[in-house]
Amino acid sequence: MQRQTHRQILTWILIHSPEGFPELKNDTFLRAARGDETEYTPVWCMRQAGRYLPEFRETRATQDFFATCRSPKTCCELTLQPLRRFPLDAAIIFSDILVVPQALGMEVVMVPGKGPTFPEPLKEVEDLLKLRPKVDVAAELGYVFEAITLTRHRLEGKVPLIGFSGAPWTLMSYMIEGGGSNTMAKAKAWLYRHPEASHRLLHLLADLIVQYLVGQVAAGAQALQLFESHAGHLGPEQFGEFALPYLRDIVQRVKSRLEEAALPAVPMIVFAKDAHYALEELARSGYDVVGLDWTIQPREARERTGPCVTLQGNLDPCALYAPKERIGELVKTMLEGFGTQRYIANLGHGLYPDVSPEHVGAFVEAVHTHSRHLSRHK
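About the cut-offs
- Residues numbered from 1 in each chain as written.
- Predicted model: local features only at pLDDT ≥ 70, side-chain atom pairs only at ≥ 80, totals over all residues.
- Heavy atoms only, no water.
- Disulfide = S-S within 2.5 Å.
- Buried < 20%, exposed > 50% of the residue type's maximum accessible area, 1.4 Å probe, protein only.
- Helix = DSSP H or I, 4+ residues; strand = E, 2+ residues; numbered from the N terminus.
- Salt bridge = Lys/Arg side-chain N within 4 Å of Asp/Glu carboxyl O.
- Phe/Tyr/Trp six-rings, centres within 6.5 Å; stacked < 30°, edge-to-face > 60°.
- Lys NZ or Arg CZ within 6 Å of the ring centre and 35° of its normal.
- Pairing = 2+ DSSP bridges.
- Polar contact = N/O pair within 3.5 Å; in protein donor to acceptor, adjacent residues only side chain to side chain.

Enquirer: Any chance you could explain the state of the cysteines here in plain terms?
Expert: Here is the idea: a disulfide is a covalent bond, and it sits between the sulfur atoms of two cysteines. Applying the stated criterion across every chain yields a total of zero disulfides. Take Cys45: it sits in no disulfide, and the sulfur closest to it among the cysteines is that of Cys318, at 14 Å. Not engaged in a disulfide, the cysteine Cys69 finds its nearest cysteine sulfur in Cys75; these two sulfurs lie 5.5 Å apart. Cys69 gets classed as buried once you look at its relative accessible area, which sits at 2%.

Enquirer: Can you help me understand unusual backbone geometry in this one?
Expert: Cis geometry is found at the peptide bond from Gly313 to Asn314, where omega equals -15°. One non-glycine residue, Glu156, adopts positive backbone phi at about 55°. Mapped onto the elements of the fold, Glu156 is located in the loop between α7 (137-154) and β4 (161-166). Of note, Ala262 is a non-glycine position whose phi angle comes to about 55°, a positive value. Mapping Ala262 onto the fold places it in the loop between α12 (244-260) and β6 (268-272). Given the relative accessible area of 72%, Ala262 is considered exposed.

Enquirer: Is there a simple way to think about the pattern of salt bridges in this case?
Expert: Two side chains bearing opposite charge may form a pair once their charged atoms approach each other closely. In the structure shown here, the tally under the stated rule is 15 salt bridges. For Arg31, the salt bridge goes to Glu39, with nearest N and O atoms at 3.1 Å. Arg253 serves as the salt-bridge partner of Asp249, at 2.8 Å between the closest nitrogen and oxygen. With Asp249 and Arg253 both in helix α12, this residue pair falls four residues apart, about one helical turn. Taking the relative accessible area as the measure of exposure, Asp249 reaches 24% and is therefore partly exposed. Judged by relative accessible area, which is 18%, Arg253 ranks as buried. Among the charged side chains, a salt-bridge network with shared partners connects Asp27, Arg31 and Glu39.

Enquirer: Whenever I open this one, helix α8 (residues 168-177) confuses me. Can you help?
Expert: An α-helical turn contains 3.6 residues, so any two residues separated by three or four positions project in the same direction. Judged by how many residues are buried, α8 sits mostly within the fold: ten of ten residues are covered. Burial in α8 covers these residues: Pro168, Trp169, Thr170, Leu171, Met172, Ser173, Tyr174, Met175, Ile176 and Glu177. Just beyond α8, the residue with positive phi is Gly178, at close to 85°.

Enquirer: What should I look at first to understand the packing of aromatic side chains in this one?
Expert: Between two aromatic rings, the relevant description is the distance of the centres plus the angle of the planes. A complete count under the given rule lists eight aromatic pairs for this structure. Both rings, one in Phe65 and one in Phe66, keep their centres 5.0 Å apart while their planes meet at 85°; by these two values the pair is edge-to-face. The same class applies to Phe65 as to Phe66, namely buried. With a centroid separation of 6.3 Å and 75° between ring planes, the pair formed by Phe227 and Phe271 is classed as edge-to-face. Placement of Phe227 in strand β5 (residues 223-228) and of Phe271 in strand β6 is noted, with a sequence separation of 44 residues between them. Judged by relative accessible area, which is 12%, Phe227 ranks as buried. Grouping aromatic residues by their ring pairs yields a cluster made of Phe56, Phe65, Phe66 and Phe94. Positioned above the aromatic ring of Tyr40 is the side chain of Arg372, whose terminal nitrogen or guanidinium carbon lies 4.3 Å from the ring centre.

Enquirer: It is not clear to me how the sheet that holds β6 should be interpreted in this structure. Could you clarify?
Expert: In a beta sheet, neighbouring strands are held together by backbone hydrogen bonds and run either parallel or antiparallel to one another. Sheet architecture is open: seven strands sit in the order β1-β4-β5-β6-β7-β8-β9, paired in parallel fashion. In the strand order of this sheet, the two ends are held by β1 (91-92) and β9 (343-347), each with one partner.

Enquirer: Honestly, the environment of Asp354 in this entry has me stumped. Any pointers?
Expert: Looking at the element boundaries, Asp354 is found in the loop between β9 and α16 (357-376). One polar contact links Asp354 to Tyr321, side chain to side chain, over a distance of 2.5 Å.

The values are spatial; any link to function lies outside them.
Laid out in structure tokens, this is it:
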């Protein structure tokens, strides 16, 4: 069934996507991700298409959040907005990780002041029967593929386009909690009380994510990021049983499927927030890039991961509230810790809605300026 769905994705892309993407003009991000030498450190920001931009708020003013996600033209516009303001080295498609549970048949709504909410979360093991056991990914998530193809053309080769998905444990936690949670106690209870059912759900999610990510590459994504945003709610033992094996499985299967389909071998990034206890395992998990949150020292991360993986991160998002001069100093210190090679500058998590766009610009400019200086004088 998985191979049949895989063929359906490729057929859908061939029918719906125009041929011939524009030639890439700035491949610095891709070279850094693959470990090739770069003249400066590339930079992009998680949530760079977001509420901190007035044009984003204006575009989204009259439309429901998930309706926005299902509009390829709007997603394209939101993806391009930060590129018009800042000389970023990559774009990431505007979407949401919770489109995957929606594809499985769950309802998700965005509640003002509360965030994403599942009116009927998974409560009992029997609720797994409500999920679609077989998902036609092209039919359920084709709007994301359309947005990627359209955006890839509209970028005109300016920078690479990143596709993404939530990772199985993070999606599972949302599906059981019914939204955000400070403890993830309901989801973690499943791991202790219903380990077999938990693995069934995680396997189901992993299968869908593999198909989804391959479809994104077929649509034009030039890199992929997997968000294990709730890794920090797990201890080392639970992470080793319920998260890490699925992260490894996804990267192995995606790379294998891309090769089988003669699709580009794109760099893959894993971002497991607060999973410092598993940093060495993540560095050996098969991903080209390991993303880091802001609670680990750059030099420590570099020492623990070794020379064969690119690191991404990790400025505290709140540092962007500092004066511009201070942002420059913090960036310089971060670059000195990581080094300018095999490194992609980013924040340790996403941009906050009330940050000044001018300070985002100062961050991007500081990365480019200081990394060029350090590269010349290393």
